[in-house]
Amino acid sequence: AEPSAHRTNERPASRLACERRLTLAVAILVMASGFAGLVYQTAWFRLFRGVFGASTAAHASVVACFLGGLGLGAWVLGKRADRVPAPLRLYAALELCAALAAACTPWLIAWLEVPYHALAQRWALGVAGRTVLRLGVTLVVLALPTFLMGGALPAVIRVVEVESDRARRRAGLLYGANTLGALLGTLA
């Protein structure tokens, strides 16, 4: 009976070590994702500055659409992440699609620049009208990539989630890694 008891004690330790390695690997991926997300946001600020000008309202439209897309994506796609049998595949698909959508944004911005300027120069719009127009253009460009980015975090949290982690330490670790990546992306 003693050798089987010994094996029983080793198995959970081995499983715990495997879970820790998986969590660390996923945390590195999430940190890279946070880095990329803030590099995208900085690039979008600069691209939209060329269209809207360097104004607080222009920056606010990018921040509002960026955060709104992240929140909506987490809310909508987070529900799906709870139901999929392979959340790592969902995470990878969301990250890949977000990267492809983000890569298309410079062309989309260039395509929308001429109609934006044609509409924005009409004095009848006023400040409020130009703000709504700016938000609309920004939303068209950023909706898809930010929505997909927002859904990625709930999906990846499902990858490392285990029943024994009631304090949600692993989710907190991933969120912290994502935030650290975002900080590094901002600095870069």
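**Some details on a nonpolar patch on the surface**
On the surface, Phe 35, Val 39, Leu 180, Leu 183, Leu 184 and Leu 187 cluster together into a nonpolar patch covering about 520 Å² of accessible area. Among the elements of the structure, helix H1 (2-52) and helix H5 (169-187) are those that each provide at least two residues to the nonpolar patch. Here the nonpolar patch takes 4 residues from H5, the largest share from any one element. Looking at where Phe 35 falls in the secondary structure, it is placed in helix H1.

**Regarding the nonpolar core**
Trp 44, Phe 48 and Leu 174 are the most contacted members of the largest nonpolar core, which totals 40 residues. Those elements giving two or more residues to this core turn out to be H1, helix H2 (56-81), helix H3 (87-120), helix H4 (126-160) and H5. The biggest single contributor to this core is H4, with 13 residues. With near-sequence residues (within four places) excluded, Trp 44 lies in contact with Val 62, Phe 66, Ala 102, Thr 105, Leu 142, Pro 145, Thr 146 and Met 149.

The rules behind each value
- Residues numbered from 1 in each chain as written.
- Predicted model: local features only at pLDDT ≥ 70, side-chain atom pairs only at ≥ 80, totals over all residues.
- Heavy atoms only, no water.
- Patch = residues over 30% accessible without salt bridge, like charges linked within 9 Å, V, L, I, M, F, W, Y side chains within 5 Å.
- Areas by Shrake-Rupley, 256 points an atom, 1.4 Å probe, with all protein chains shown as cover.
- Salt bridge = Lys/Arg side-chain N within 4 Å of Asp/Glu carboxyl O.
- Helix = DSSP H or I, 4+ residues; strand = E, 2+ residues; numbered from the N terminus.
- Core = buried A, V, L, I, M, F, W, Y, C linked by side-chain atoms within 4.5 Å.
- Buried < 20%, exposed > 50% of the residue type's maximum accessible area, 1.4 Å probe, protein only.
- Contact = heavy atoms within 4.5 Å.

Take it as geometry only, folks, not as evidence of what the structure does.
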